[in-house]
Amino acid sequence: MTDDGTTAAATGTLGYEQARDELIEVVRRLEAGGTSLEESLALWERGEELAKVCRHWLEGARARLDAALAAPAADGAGDTAADAG
């Protein structure tokens, strides 16, 4: 973990799986204990950043799924209206 600028830049380039795996490791280290208060706070902050990255990827995936599911419904709605008329 480095200063906020470097960490933020590095976090922005992480893929979902990378962020998730690192988040799992952060949680494991926090649950294991044995770290100083300063280390624990740094781990917590990193975990928050990683959770945001994961959330961003998941929200993007949800939006893509919603768009894909809506597209056939929109196409089908136009066909149904034409058939009724």
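Now for a quick tour of the structure. What you are looking at is a predicted structure, and each value in this text was computed from that prediction instead of being measured.

Details of the overall build of the chain
Piece 1. The helix and strand tally for the chain stands at three helices and zero strands.
Piece 2. Its helices and strands taken in sequence order, the chain reads α-α-α from the N to the C terminus.
Piece 3. Taken across its 85 residues, the chain has 14% of its residues classed as buried.
Piece 4. The long-range fraction of contacts in the chain, counting pairs at least 24 apart against all pairs at least 6 apart in sequence, stands at 75%.
Piece 5. Counting only carbon and sulfur atoms, one obtains 59% of the accessible surface of the chain, whose full area is about 6,200 Å².

Section: the environment of W44
Piece 1. Its location among the elements puts W44 in helix α3 (residues 37–84).
Piece 2. For the pair formed by W44 and L23, sequence separation is 21 residues and the distance between their alpha carbons is 9.7 Å.

A closer look at the pattern of salt bridges
Piece 1. Counting across every chain of the model gives five salt bridges.
Piece 2. Between R28 and E25 there is a salt bridge, and its shortest N-O distance comes to 2.5 Å. Here E25 and R28 lie together in helix α2 (residues 16–32), a separation of three residues that amounts to about one turn.
Piece 3. Given the relative accessible area of 34%, E25 is considered partly exposed.
Piece 4. For the salt bridge of E49 with R46, the shortest nitrogen-to-oxygen distance reads 3.3 Å. Here the residue E49 and the residue R46 both occupy positions in helix α3, the gap between them amounting to three residues, near one helical turn.
Piece 5. For E49, a relative accessible area of 22% translates into the label partly exposed.
Piece 6. Overall, R46 belongs to the buried group, its relative accessible area being 9%.
Piece 7. Each member of the salt-bridge network shares a partner with another, and the members are E22, R46 and E49.

Topic: the nonpolar core
Piece 1. Formed by L14, A19, V26, L43, L50, V53 and C54, the largest nonpolar core amounts to seven residues.
Piece 2. For this core, the secondary-structure elements that each account for two or more residues are α2 and α3.
Piece 3. Element by element, the count of residues in this core is highest for α3, at four residues.
Piece 4. Other than its neighbours up to four places away in sequence, C54 contacts Y16, A19 and R20.

Some remarks on α2
Piece 1. In this model α2 runs 24 Å from its N-terminal to its C-terminal C-alpha over 17 residues, within 8% of the 24 Å that 1.5 Å per residue would give.
Piece 2. G33 occupies a position one or two residues after α2 and carries a positive phi of about 75°.

Analysis parameters
- Residues numbered from 1 in each chain as written.
- Predicted model: local features only at pLDDT ≥ 70, side-chain atom pairs only at ≥ 80, totals over all residues.
- Heavy atoms only, no water.
- Helix = DSSP H or I, 4+ residues; strand = E, 2+ residues; numbered from the N terminus.
- Buried < 20%, exposed > 50% of the residue type's maximum accessible area, 1.4 Å probe, protein only.
- Contact = heavy atoms within 4.5 Å.
- Areas by Shrake-Rupley, 256 points an atom, 1.4 Å probe, with all protein chains shown as cover.
- Salt bridge = Lys/Arg side-chain N within 4 Å of Asp/Glu carboxyl O.
- Core = buried A, V, L, I, M, F, W, Y, C linked by side-chain atoms within 4.5 Å.
- Expected span 1.5 Å × (residues − 1).

These figures come from the coordinates and say nothing about function on their own.
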